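# Report on the structure
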Amino acid sequence: MTVTKPLPAPPLATLHVIPHLRWVREWVETFDSRRAWLLDTLARLLEQMDKPTHQGLPLRYFLLGGQTSLLEDVVAVRPDLLALLVIFNAGGRLGVGPFYTLVDDSLVSGEALLRNLLMARADAVRHGLKLMPVAYLPESSGHNAQLPQILRGVGITAAFLHYPKVEVHEPFRWEGMDGGSLLVVNLPPAAQADQTLEQSFGQQKMLRPDGPYLWLADSDTLRPNASEMLSEMETLTGVPVEQSDLLDYMRALRRALPDSRRKPIKGELASPNDGTYSARIHLKQLNARLQAKLIYQAERYLTLALTHGTVPYPDNLKALLNHSWRLTLQNQARMALAGAGIDAVHEENELRARQAEDTLNQVVKGALTALPGHLRRPNATPIGYNPHVVTYVMVWNAHNWPIRQVVEADLHLPQGYHPARLRAPGAEEQTFGWTPVNEDAAPFDTSLSGTITFLADVPAVGYAVYTIELSDAPPDSSHFTRRTQGRAIGSVNGDTLRLDEEGRLEWHFEATAALPGATISDLLNFYDGGDAGDTFTYVPPQPDMIVKAQMVDNVQIESSPLYERLVMQHRMRIANSLRADRGRDRGVKLLELTTTATFYDHVPGVYFRTTFTNSANDHRLRVHLNSGMRATSLATNGVFGLVDRPLHSLQMMQTAAVLGSAQRSIGLLARGLPEIEPMSQDEETHLALTLVRAVGWLSRDDVPKDIRKRATPGPMLPVPGAQLHRTLEADYALVSLPNDDPCAVMRAALEYEAPLQAFQYDARPERPRRSFLSIVSDRATGADSDGAGAILTAFKPPQKGKGWIIRLLNPTEQPVEVLLTPHVRPENVQLMTLSEDSLNYIESDGNGRSSVRIEPQQLVTVKMAFE
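In this report, the structure presented in the accompanying data block is examined. From a predicted model like this one, the values you see are computed outputs, not experimental measurements.

Let us look at the nonpolar core. Counting residues in hydrophobic clusters, the biggest one holds 137 residues, and the most contacted among them are V395, W396, F454 and I806. Among the elements that line this core, the one with the most residues is helix α9 (residues 281–308), at 12 residues. Sequence-distant contacts of F454, defined by excluding residues within four places in its chain, comprise V393, V395, Q405, V406, V407, L422, Q430, T431, F432, Y466 and L562. Within the second largest apolar cluster, 51 residues are counted, among which are I281, A549, L634 and L673.

Aromatic rings in a pair are described by how distant their centres are and how their planes are angled relative to each other. A complete count under the given rule lists 16 aromatic pairs for this structure. Here the aromatic rings of F201 and Y213 are separated by 4.9 Å at their centres, their planes lie at 75 degrees, and the arrangement is edge-to-face. Pair noted here: F201 is in helix α6 (residues 197–207) and Y213 is in strand β8 (residues 213–218), with a separation of 12 residues, a long-range link. Taken individually, F201 and Y213 each receive the classification buried, so the pair is uniform in this respect. Centroid distance W396 to Y463: 5.3 Å. Interplanar angle 55 degrees. Geometry classified as tilted.

Glancing now at empty space enclosed by the protein. For the structure on display, the rule yields 5 cavities of 30 Å³ or more. As a volume, the largest cavity reaches approximately 90 Å³. Residue lining of the largest cavity: L283, L286, N287, L290, N331, A336, L337, N349 and A353, and that is the complete set. Looking at the lining of the largest cavity, the elements with two or more residues in it are α9, α11 (334–338) and α12 (343–370). At 4 residues, α9 tops the list of elements feeding residues into the lining of the largest cavity.

Inspection of the entire model under this criterion finds 48 salt bridges. Residue D218 is joined to R22 by a salt bridge in which the shortest nitrogen-to-oxygen separation is 4.0 Å. Remark: R22 occurs in the loop between β1 (15–20) and α1 (31–49) and D218 occurs in strand β8; sequence separation between them is 196 residues. Look at R22 and you get partly exposed, because its relative accessible area is 31%.

The 4 strands lie next to each other as β20-β21-β22-β23, forming an open sheet whose pairing is antiparallel. Every other strand in the sheet has two partners, leaving β20 (488–490) and β23 (518–520) as the edge strands with one partner each. If you compare each strand with its neighbour and ignore which way they point, the axes differ by 10 degrees on average. Relative to strand β21 (residues 496–499), β20 runs antiparallel, the two sharing 3 bridges. Looking at β21, one finds that G490 is bridged to T496.

The strand order across the open sheet formed by 5 strands is β43-β44-β49-β46-β47, and the pairing between neighbours is antiparallel. The open sheet is flanked by β43 (791–796) and β47 (838–842), the only strands paired with a single partner. Across this sheet, the average inter-strand angle for adjacent strands is 25 degrees, counted without regard to direction. Inspection of the sheet shows β43 paired to strand β44 (residues 804–809) by 5 bridges, in the antiparallel sense. Note that in β44 the partner of F795 across the bridge is I806. Against the sheet, helix α4 (residues 110–127) touches β43 and β44, its axis set at about 35 degrees to β43.

Along the polypeptide, N400 turns up in the loop between β12 (390–397) and β13 (403–411). Take N400: its relative accessible area is 0%, and that puts it in the buried class. Within the structure, N400 has its side chain in polar contact with the backbone oxygen of A790 (distance 3.0 Å). Side-chain polar atoms of N400 contact the backbone nitrogen of L792, separated by 3.0 Å. When near neighbours in sequence (up to four residues on either side) are disregarded, N400 contacts A460, V461, I775, S785, D786, G787, A790, I791 and L792.

The rules we used
Residues numbered from 1 in each chain as written. Predicted model: local features only at pLDDT ≥ 70, side-chain atom pairs only at ≥ 80, totals over all residues. Heavy atoms only, no water. Core = buried A, V, L, I, M, F, W, Y, C linked by side-chain atoms within 4.5 Å. Buried < 20%, exposed > 50% of the residue type's maximum accessible area, 1.4 Å probe, protein only. Helix = DSSP H or I, 4+ residues; strand = E, 2+ residues; numbered from the N terminus. Contact = heavy atoms within 4.5 Å. Phe/Tyr/Trp six-rings, centres within 6.5 Å; stacked < 30°, edge-to-face > 60°. 1 Å grid on protein atoms, 1.4 Å probe; cavity = no way out; pocket = protein on both sides within 12 Å on 5 of 7 lines; lining within 4 Å. Points joined across faces, edges and corners; volume = space filled by probe spheres on them. Salt bridge = Lys/Arg side-chain N within 4 Å of Asp/Glu carboxyl O. Pairing = 2+ DSSP bridges. Axes fitted to C-alpha atoms, helices over the stretch in contact; angles between N-to-C directions. Polar contact = N/O pair within 3.5 Å; in protein donor to acceptor, adjacent residues only side chain to side chain.

Honestly, that's just the spatial picture; any functional story needs more than this.
Right, dumping it as structure tokens:
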């Protein structure tokens, strides 16, 4: 028997050469153009990897990139080419993954980032591939604070990325919010193609005289004869050179110095001032809507339908959900979601988003149809159903705490019939508002009869069914919305909003047992300034002309049984565009804004919607929201949990930003508007929220170096579509929040991001009110599911098998114990990794309750299986 000894490790002072593909799926060319280039490049590289030895040393290894999405791009037109890639991957000569799509991980949600990694694993199984056990993120310059935990949760302990705020090439230990860490190789600027080998090697040798050294060789620079290429590199550097891969280089680094002795960096790797947070803002809004619908509707309803419903063809719904995720993740590619591509690319992104949403709607409908009750189908009448008597609205709550919220439901009613009474699940009658539409429509026509508005009270991870009794007589006038002239509104909570003579908005909110009251003057203002930058970077023109919007003296009050609303008009005249020298003059272009400010009954906070048609170029419109205090802290929600941020310069958020002082905290909530800037004005802190940033260039090479402290990120191409000449709508809100309660902030953010959802039913389920999952923490004040110590971030079907995947986040600095109780006793409960691999079983008591401990800032995944 012959025993093969492993090859000795190369000496540390070795230059590891890793040929790699710099691949952007769509950017300055459309996807189809890029795929044509990709096929030619791969065919050439496969020839070089398969070159006979007498013609020179073949390429031993090639880094195909960090994303598996290019595999399906290849297989769609060249399945034979994919077969060769799989063969080289099986032999350890081709690296790919571990992501499906490379994204700016600060702009997407945490669950979307996990689906990204899981999608790549599914691709690996489908194609018979092995994914790289290291994260390859060559482009983004900033990363969220939870990324170390996310990557470790899928078995990755090292990352290769470019972070310009530490010394070039210096590897470091990146500690996440939960205390876990990654070995980070700070990719040399050569990965950005702005350094020569001699420059890069010289800098690395200065920092690490004993090595190891790294050179990422761009695929475009590779020669057919690899031995020639390596020989020249040895001559240039004077050290041994070998073809290598990321894993070999990582091992060499750890031989040179253990991770524990590396320089630690904790928390977020903040990116520099980045205009991509606000470029093409409508794409961020589209993404926010899709993410919320995927995570908090489609996944959650389908999870219940697959285990406790009757789904005729479950594989179809799962495949449609998977397809919608793929389309959404493709739109989350870094340049796509950044809005930093050519116009044709983003036109395709919008089409892809519509396809994803259409698919999602079918998943939601299929899942709800499979659950108890009869979902309303306007053109079909169930046996025994009398539409002239009653209809139902089922309201779903996706979160792990009960929610009271005003909801709107579209109703399809027989011609000539109207809602007469609304009854809660306990049969008590309650108030509703009614807005009729298309009253002359034919019976069971698919057009709407109207919209009903009411206050819903729904248990955690469950539903409540409201009964609507019908009549052939219209409801009395008290149910209709009325508009009058006026300048002040109030809420049932005692809050008031009023406009003074000069058009300044004042918000007074009463104190409660948990929150102090306050009065905030000059609450809301709109400012517009010029923008001489590009899609990557905001640049103020020199000189600039900052314009403040003026209130139009035509304020109206909209009154409904469930809300009161101020309807305000603002106008400003701004420059049509910048001058040729990139300065900005006083303008004549009229920009008109319509803003509603709403108090909803029994719902804390004031809710804004601003609508406008943008017809000007080269400007940035922001709304300034006053906190009414001098803030001492700012935190925003990141992909998971809260991140402390400085009280200056542009910052980014997912859905919520919280300004705090010793007395109180004010939270700003927004959907798909990720860019904010804290400002001090008259001893009070304001938050400037960007509503639109209109620019006409992909990238400009004249951006001052003190503003963009990096190389020009792309070619200087005109992108007139980034001027956003379209009607835009922005939703945002202000709420008073308790100090030092991260769970309260997370609950407020999630209730806003994913509010209660209402659907019309022809027949209700046997139980008019039900909670499918209770999650009670040791911080609970009662026995109901509370969201006090742990936040449910995922409730989804497992990647393998059947059951529920439950993911919980503890966003606090103290450990928490939670009891998980499903509505039926589970067959077994397992603690899982984030990649949904089993760790161990959890015992359940006689009532089916399982106890889980969650450490500070930790994510925990549990799988429940049922008979």
